[in-house]
Amino acid sequence: MLTVENVDLYYGASQAVRDVGFSAKTGEVTCILGRNGVGKTSILRAVMGIERIERGRVVLDGDDITRRPTYDRARAGIAYVPQGRDIFARLTVEENLQTGFDTLKRGDRAVPEQLFEYFPVLRDMRARRGGDLSGGQQQQLAIARALVTRPKVLLLDEPTEGIQPSIIKLIQRVIETLREKGDMAVVLVEQYFDFAHALADRIVVMDRGAVILEGARDELDEADVRRHLTI
Amino acid sequence: ADTIKVGVLHSLSGTMAISETTLKDTVLMLVEEQNKKGGVLGKKLEAVVVDPASDWPLFAEKARELLEVHKVDVVFGNWTSVSRKSVLPVIEELNGLLFYPVQYEGEESSKNVFYTGAAPNQQAIPAVDYLMDQGIQRWVLAGTDYVYPRTTNKILESYLKTKGVAAEDIMINYTPFGHSDWQTIVSDIKSFGAAGKKTAVVSTINGDANVPFYKELGNQGIKAEDIPVVAFSVGEEELSGIDTAPLVGHLAAWNYFMSADAEVNEDFIAKWHAFIKDEKRVTNDPMEAHYIGFNMWVKAVEKSGTTDVDTVRSAMYGITYPNLTGGVAVMNTNHHLTKPVLIGEIQSDGQFETVWQTPGGVIGDAWTDFLPDSARIVADWTAPITCGNFNIDTGKCSGQNY
Amino acid sequence: MIDPSETPSGKLVPGKSILVLDNVSVSFDGFKALNALSFVVMSGEMRAVIGPNGAGKTTMMDVITGKTRPDQGKVIFRDYHDLTRLDEPRIANLGIGRKFQKPTVFEALTVLDNLWMALKANRRIRAMFTFTLSSANRARIEEVLEVTGLTALRDDLAGGLSHGQKQWLEIGMLLVQDPDLLLVDEPVAGMTDAETEATATLLRTIAKSHSVVVVEHDMEFVRALDVPVTVLHEGSVLADGSLDTVQRNEAVIEVYLGR
Amino acid sequence: MSATNISLRLLGNDTGARVFLAAIIALTVLVPILNVAVPPDSPFHVPTYAVSLFGKYLCFALLALSVDLIWGFCGILSLGHGAFFAIGGYAIGMYMMREIGPRGVYGHPELPDFMVFLNWTELPWFWLGFDMFWFAAAMVVVAPGLLAFVFGWLAFRSRVSGVYFSIISQAMTYALMLAFFRNDMGFGGNNGLTDFKDILGFNLQANATRITLFVFSGVALIGAFALCRFIVASKMGRVLIAIRDAEARARFVGYRTDMYKLFVFSVSAVLAGIAGALYVPQVGIINPGEFSPLKSIEIVVWVALGGRGTLYGAVLGAISVNALKSYFTALAPEIWLFLLGGLFVLVTVALPRGLVGLRGQLARRRANSGALKPKLAERDPAS
Amino acid sequence: MNFIRTFLAGLLVVLAAAMATPAPVSAGELEDRVKALDAKNFAGKGKAIEALEALADPAALPVLRAMQEGLLFREKATKRIVIGVKAARSFEIFDALSGEALGVVKKRKLKKISVNNRLRGRLRLAIGALALTSGDAAARSSAAKALVKDADPTILPALDRALAREQEVEVAAVMGVARAAIQAKGGEKSARLAAISALEGVLDREVMVVLGTLSQAANEPDAEIRALATETLAATEASGRYYGMLETLFFGVSLGSVLLLAAIGLAITFGVMGVINMAHGEMIMLGAYTTYVIQQVFPGAIEYSLAIAVPVAFLVSGAVGVVLERSVIRFLYGRPLETLLATFGISLVLQQAVRSIFSPLNRSVITPDWMSGALEVNAALSLTYNRLTIIIFTFVLLLMIAALLRYSSFGLRMRAVTQNRAMASAMGIRTNWVDALTFGFGSGIAGIAGVALSQLTNVGPNLGQQYIVDSFMVVVFGGVGNIWGTTLGAMTLGIANKVMEPWSGAVLGKILILVFIILFIQKRPSGMFALKGRAAEN
Ligand SMILES: Nc1ncnc2c1ncn2[C@@H]1O[C@H](COP(=O)(O)OP(=O)(O)OP(=O)(O)O)[C@@H](O)[C@H]1O
Ligand SMILES: Nc1ncnc2c1ncn2[C@@H]1O[C@H](COP(=O)(O)OP(=O)(O)OP(=O)(O)O)[C@@H](O)[C@H]1O
Ligand SMILES: [Mg+2]
Ligand SMILES: [Mg+2]
């Protein structure tokens, strides 16, 4: 289980995240919603350790990982699908997937065949350079790459961006499967409300860097949530 | 001032540090020696060291600093010609006194500079004479592409031709500074030398390019007995950086070799070793040049009783001082020295064995007699001529800045 | 150098094609990204292009804007210019503007400067020194800032914008550039549903006086645009027509929409 | 990072530039006065030694400025800018050689000394016209400008950029160095051109000439600074930054980036040429060493040290590095390289925006304010 | 008929020569003549050598050899002629003739019997003549080879004697050539014609000179001999040209591998990591100095010194690289241009450090015996061992690096980290380790290059600067970030340079190469092996 407590984050002098806290339980999907520029990406980056936080804690399964470097967090079981994909452009698709091996024990270092079933296009393009792929293909690769590490916590930053409808449906099913397996906590940042709402167990709504609404999906009023996203 | 200041203008960093650092140490040693003897005119000498960093315009700046800021009475310095050319206007403008210790291409005689290294007639011509005497008929003139080799080769070419060497028996080759891949050239030399006539290479290759050149000679199996190489820029110090085993027998022409069999020399070497605290360090020709220049200056200052440049300069003419190789050097009125010329063969221990020596001293000639334009010019800084470039045709001096 | 003013122009000539792609093919190391693609955009028309990931939509835009040279085929702009022979700035100066799939803005410039840069104006070097902002232009920029919701961020460096804000900024740049033909690659990726609607309205307004090609995967958005749709697949046209016809097309469902 | 500075300046409160301009103007005015009007024994007297030293620094500053214009604002890292400097220097050097006339050592009425003793019989064609000052002065501008134009045209048109551009610019200066080293080229070989006597009839060693040259250097620097500021403050400046940052994107907005680059590159080369032309009469020698790639790298180092993309940072960098060099080489000849090298390392690590960033950094210790943190994707190493 | 007569005549000569073998001379005679070697001047020494040679006593061989190598001395006290072998600041001496060990003496106690080049030539002839009867086949062969060169008819009887006795086919062949070369010059016409024909295809330059001389009217009155000589020479030269081309190719490849060696570390630190590493040259320099230090520390193991130096240099330069990365470079990722400034500073510091520690003078690095000399393919083509070694070494190194980058997981991590540091970290890759190791690895490789380069050039504080510009040129020319590009770039530049050099000269050649690079980059703005497509943009 991932817990974020009282996080403040600054870019230079301007504060992007204010006193944000939430927790993501294993076997659940936690959705972070909010308009553009409210700090969703920033909080995920803070969890991953890419952005330094000024105050607050990040706790994974009881361990305080606030001071740990990014790669240690990855090794501890957090995987990240960044916004904008961040594919290793000059590595092949295959190699992109293999970059996740460092988090695995030697014996486990293989790309699960299942990933190619989720994203068949990756199989066809195994030897192609990541940077040559189309936008949507890269997005699929980014998700697959995160799954290679077999994480305990999966951070997804707008994973459906640029992906064709049929695959979005598929991703939805994949996330559902992962939830059902019950060994992973999923944190999903999403703008595509229907998609998010369909998947979410818990919803966190952010505005101007702060959490303004939080709760189990079923407890929250959908219209209320939508209202926060429109103004 | 209560001390007499001696400026030292040698590069301690950059490409020339390799050669010039030793000269800085030499001057420091000479100053220390002199101070042990009580200094000059009852005053201590004080060395002012600056680092012109192998940067030619910086030489000019530092020279000006020495003269204007530190007010030195004399400067010992420079190695490359271009650095000398760069400081020349400054030294002349401020009426300083510079001792230049390195063999060079000549074609210069400044009122304010004493040239204690060899002029071309004190190195190149005797060396070629010696080789001709050894039966050499074919010549490779190999040099780095800059003024000194160009001039020297020009002089040699015209000299060889006057000696009846045919044009096809002379091969001239130039390489860039720091040239390091000698395969083709050495192979060419090999073929050139295999034409039946005895062949020699006259090398004016400069600086760092020598090591790879000699290594390539060794590797391609060119032995000194087959094609000897006589060099004008390779001395003991350069050899100390090379594995000399394959080079035995190649030649160099200088006015001084460390192996010279003379009491003063052994003395000098002992002092050098003591000063530098390293028994393995060698001595070389430019060091001797500074040794002679420094001591002549001391003598001249004592003689004139002042460090005033003009007085000291007049006192310099005709001053003698013992060479380290025996005999005495004389400062001529053209600001060049009379010195003996020695030809030595490289030994496996990195020393030279003198194989030939001019019977007496050779007068350094500022303006070579082997180029038509410069043959008409003489330098004489005493009356009635009193200039560094007197044209005997027009009877006038030209090119003076004062 | 072709000066745009010297060539046949005029904003809208109804009933004439503004852009014709004729049998265009592009391949990368043997892989055909575009396969004999032919495609016409009429003057004043807005057209949506959809298709599976990797169908060649972005590549098509690359070809039109001069980024990628096709192996074969012609791209004719306004019946006159063969775009495959021109370089990017010339094509841009002819009146073709583009929004990239991955938002690309000038990160070291402020939001305002980004708009300034894109503003329709003489792009010659000489003109740079005499350039001053006319009051009409000033008003236009303010208006665009308002539309894109960036007014408050006008003096921030574009590099510090969030993903969605960059997306908006790029749309804003396209607006001030005011080209005759707009190529818009996935404009609403990363936008909230409300913003998506706003964007659709915006595009519809623009389309009244411009020709527009929009690429999107968001079917709600495409529906909101209410324009003819072309479906690309494996580098050529799979189907076209209204969104409803296309959505019922079995092949489109199979490769793109999913069941 | 420099972009903040730029935006600030556009808002009109660039104190740095104002302070800088004032300082340079003061220097240009005061140094001659303190040299001429103040008696030598006064502590305020500026010796002639210092005048020519400062004059040299000003030329270097101008050179650094020219590099900052292209590197700081347009991202063109030229590792061969020394070539333009040297060419400007050669142009004026040739004029001064011709002006020696029959006063050379061999007394030849026309040929410079080095030609006489290498047996040249007549002046090569490219030396013609250099007996006229206006022609030489024109060449100071035309020759580097033309070379930059041709080189830049070739390079920018075929979109050579980033390190590729840097390295071929280095190849250019390297090739020129080797060529000028050759005695056959007719530029005096490795000794270059020396022994100058006067310029426009004024004795180079006269104090008045020296001071005039100094003042000209100062004026040139101020003028060039104003020009550069004008360029970067106009819309041009923003286009240049846009090109630096995302050249491809700028093309899609309709800017012919190759032409823009060519323009600033040529302007910059001309400035470098002028710097060279002012430098040579003051140091009294021009030789192919100025073409050496290492020298060109040094120029870039001055700019980086001072702070890239601010113009006055470049000037500050050039002056401080050279002043330190002058100082250290006399004070600590044996270890000055440790000091200078160490300084370079220290500045890069501790002062990411160079010396000019120091002020801002002290003011805002907290976080690297305003600085763009690199996003996930890093920039291309070449930019 | 004619043939038989020649044969018989030959046989007779051989027999006569065999019978003329002088009787062993008295020991006293030998000793006197050895003493005479210590003459006052070189002319006197020359006479003494001739006199000694005339005795044709193999016992004189070691004396002459020692004299040639400058190891013959007169012991000042006893006036004895001795052979000295250097032993740490003093000499171990042996009696010149008996070889009896006479103990160790100080250098001062000995007076060297000096020689000059002319004497060395004379000595070689004498040694050659004596060595023809030596027990060692190689010695006989080289003696015979030397005879070709000095081709002197006076040696003919001795040569024939040796030829008759010779068992080894190859040595006999060399002797045959020598004999033909000597015979071709004069004597009976038919024998001369036969000798000339026998020389066809012998690529030895000396032989060609003989033929060349014979084909000129000025030297040879007989038209028939002239014609045959001309014809033979033409045939020989044709095959010589072919080998000349091979030689140029070899030179080119060897220059190419030097360039490659110098650049390959940079291909990693700059090409892969994007650090504009101005201190690269100094890493090479450290490697070269390591070689020097190793040779100083193990003076007895010169032959193995390079083998020891390679790993040590890798560790030394690599460790310095790691330290630099951790202390400086790591603060500069994301600011690649600043690395230029910092590494420039580092390079100044390292240079000055070496100057302070080792003095500004060049250091002498010894070439092990197995690397000196040349592989004689034939007389026209010989490949120097040091170059051969370096070519092979370079390629082995290259393959190892390429394999590491391409196939090892370290290579993958390295590429991932340098492409996107933050994302690599998010994938669990220890970026700080990988960065340090990558930079250390590139630096270490530069150090290894330094070991090899110490065999070709100066080992001094400027070593690095010599190579830095060329290295950048090669990396960029080949296409940044591509090891194969670097390789092909280096080879192209090397070969182009060597093909051009003979007709343009070294200086112009170098300029042309630079111009070529500039123009080439216009055509391929991202180097030879540019990455194409979208991947290149991000
Ligand atoms: N590198 C940066 N430097 C400065 N400011 C930044 C930086 N990255 C983000 N910001 C600012 O921080 C705020 C939050 O950005 P963030 O990317 O977290 O938003 P978001 O919620 O993910 O938005 P979106 O939905 O558009 O992706 C924004 O106002 C943005 O301008
Ligand atoms: N340089 C290249 N090398 C190899 N393949 C490439 C290259 N550029 C594009 N491709 C391939 O061409 C195809 C078309 O890509 P394109 O970006 O045009 O797709 P798209 O329709 O825009 O997809 P998306 O909806 O995912 O953005 C993809 O399969 C991509 O992998
Ligand atoms: Mg975001
Ligand atoms: Mg696309």
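Coordinates for the structure precede this section.
Quick caveat: nothing in here was measured; it's all calculated off a predicted structure.

A description of the overall build of chain A should follow, citing residues and the corresponding values.
Within chain A, the regular secondary structure consists of nine helices and 10 strands. Radius of gyration (C-alpha) of chain A: 17 Å, near the 17 Å computed for a compact globule of 231 residues. Seen through its C-alpha atoms, chain A measures out along the principal axes to roughly 45 × 35 × 35 Å. By the burial criterion, 64% of the 231 residues in chain A qualify as buried. Surface summary for chain A: the accessible area is close to 8500 Å², and the carbon and sulfur share equals 44%.

Summarise the site of ligand 2; cite the residues concerned and give the values.
Inspection of the region around ligand 2 gives 24 residues, with Ser134 and Gly136 of chain A, Thr58 and Thr59 of chain C together with Arg534 of chain E positioned closest. Those chains with residues close to ligand 2 are chains A, C and E. Lys57 of chain C has a polar backbone atom sitting 2.7 Å from an oxygen atom of ligand 2. When ligand 2 is considered free in solution it has 640 Å² of accessible area, and contact with the protein chains removes 99% of it. If you list the elements that add at least two residues to the shell around ligand 2, you get α6 (135–148) of chain A together with β2 (31–42) and α1 (57–64) of chain C.

Can you lay out the interface of chain B and chain E for me, pointing to particular residues and giving the numbers?
Chain B puts 54 residues into the contact, and the matching count from chain E is 54 residues. Interface area lost by chain B to chain E is led by Gln183, Asn219 and Glu225 of chain B, which between them contribute 15%. Connecting chain B to chain E are three salt bridges. One salt bridge connects Glu216 of chain B with Arg387 of chain E, and the closest N-O pair in it is separated by 2.9 Å. Summed over the shared surface of chain B and chain E, the result is 12 residue pairs in polar contact (both at pLDDT 80 or more). Mapped onto the side of chain B that touches chain E, the elements with two or more residues apiece are α1 (17–36), α4 (124–133), β7 (170–175), α6 (183–193), α7 (210–219) and β15 (352–357) of chain B. Sort the elements by how many residues they give to the side of chain B that touches chain E and α6 of chain B lands first, with six residues. Partitioned by chemical class, the residues of the side of chain B that touches chain E number 17 nonpolar, 21 polar and 16 charged.

Before we move on, could you go through the coordination of the magnesium ion (ligand 3) and cite the residues and values that matter?
Residues and elements named next belong to chain A. The protein atoms that coordinate the magnesium ion (ligand 3) are Thr41 (OG1) and Gln83 (OE1), at distances spanning 1.8 to 2.1 Å. Taken as a pair, Thr41 in helix α1 (residues 40–48) and Gln83 in the loop between β6 (78–81) and α3 (93–98) lie far apart in primary sequence, 42 residues in all. According to the relative accessible area criterion, Thr41 is partly exposed, its value standing at 24%. The exposure class of Gln83 is buried, given its relative accessible area of 15%.

Lay out the pattern of salt bridges in plain terms, naming residues and giving numbers.
One pass over the structure, following the stated rule, counts 77 salt bridges over all chains. The residue Arg227 of chain A makes a salt bridge to Asp224 of chain A at a minimum N-O spacing of 2.5 Å. Taken as a pair, Arg227 of chain A and Asp224 of chain A lie in helix α9 (residues 222–230) at a separation of three residues, close to a single helical turn. With a relative accessible area of 45%, Arg227 of chain A lands in the partly exposed category. The partly exposed category is assigned to Asp224 of chain A, whose relative accessible area is 23%. Across the pair Lys166 of chain C and Glu107 of chain C runs a salt bridge, and its minimum N-O distance is 3.3 Å. With Lys166 of chain C in helix α6 (residues 163–177) and Glu107 of chain C in the loop between β6 (96–99) and α3 (111–118), this residue pair connects regions lying 59 residues apart in the sequence. Glu107 of chain C shares its class with Lys166 of chain C; the two are buried. Through salt bridges with shared partners, a single ionic network connects Glu32, Glu33, Lys36, Asp267 and Lys271 of chain B.

I'd like a rundown of the sheet that holds strand β7 (residues 181–185) of chain C, residues and numbers included.
Adjacent strands of a sheet pair through backbone hydrogen bonds, lying either parallel or antiparallel. Residue and element names in this part refer to chain C. Spatial strand order, β6-β7-β8-β3-β9-β10: six strands in an open sheet with mixed pairing. The open sheet has two edge strands, β6 and β10 (236–241), and neither has a second partner. Across the sheet, the axes of successive neighbouring strands diverge by a mean angle of 20 degrees, strand direction being ignored. Where strand β3 (residues 46–50) meets strand β9 (residues 229–233), three bridges bridge the pair, whose relative direction is parallel. When the sheet's bridge partners are listed, Ile50 is paired in β9 with Val231.

Run through the pairing of strand β4 (residues 55–60) of chain A, naming residues and quoting values.
Residues and elements named next belong to chain A. Pairing between strand β1 (residues 2–11) and β4: five bridges, direction antiparallel. When the sheet's bridge partners are listed, Val4 is paired in β4 with Val58. Here β4 pairs with strand β5 (residues 63–64) via two bridges, running antiparallel. Note on β5: the bridge partner recorded for Leu60 is Asp63. Where β4 folds back onto β5 in an antiparallel hairpin, the turn is made up of two residues, including Asp61, whose phi is positive at roughly 45 degrees.

Kindly report on the arrangement of the chains, identifying the contributing residues and their values.
Looking across the eight pairs of chains in contact, one finds the most contacts between chains B and E. Considering only C-alpha positions, the minimal separation of the non-contacting chain A and chain B is 37 Å. One finds no contact linking chain B with chain C; the least C-alpha distance across the pair is 39 Å.

Lay out the packing of helix α9 (residues 189–198) of chain E against helix α11 (residues 223–272) of chain E in plain terms, naming residues and giving numbers.
Residues and elements named next belong to chain E. Packing of α9 against α11 leaves a shortest axis separation of 9 Å and a crossing angle of 10 degrees. Considering their axes alone, α9 and α11 lie roughly parallel with respect to each other. In this structure, α9 contributes Lys189, Arg192, Leu193, Ile196 and Ser197 to the contact, and α11 contributes Glu224, Ile225, Leu228, Ala229 and Thr232. The class makeup of the residues in the contact of α9 with α11 is five nonpolar, two polar and three charged.

The rules we used
- Residues numbered from 1 in each chain as written.
- Chains lettered and ligands numbered in written order.
- Predicted model: local features only at pLDDT ≥ 70, side-chain atom pairs only at ≥ 80, totals over all residues.
- Heavy atoms only, no water.
- Helix = DSSP H or I, 4+ residues; strand = E, 2+ residues; numbered from the N terminus.
- Rg over C-alpha atoms; globule rule 2.2 N^0.38 Å.
- Buried < 20%, exposed > 50% of the residue type's maximum accessible area, 1.4 Å probe, protein only.
- Areas by Shrake-Rupley, 256 points an atom, 1.4 Å probe, with all protein chains shown as cover.
- Near = heavy atom within 4 Å.
- Polar contact = N/O pair within 3.5 Å; in protein donor to acceptor, adjacent residues only side chain to side chain.
- Contact = heavy atoms within 4.5 Å.
- Buried area = accessible area lost by both parts, 1.4 Å probe.
- Salt bridge = Lys/Arg side-chain N within 4 Å of Asp/Glu carboxyl O.
- Nonpolar A, V, L, I, M, F, W, Y, C, P; charged D, E, K, R; others polar.
- Donors = N, O, S within 2.8 Å, 3.2 Å for Na, K, Ca; no water.
- Pairing = 2+ DSSP bridges.
- Axes fitted to C-alpha atoms, helices over the stretch in contact; angles between N-to-C directions.
- Parallel < 35°, antiparallel > 145°, perpendicular 65-115°, else oblique.

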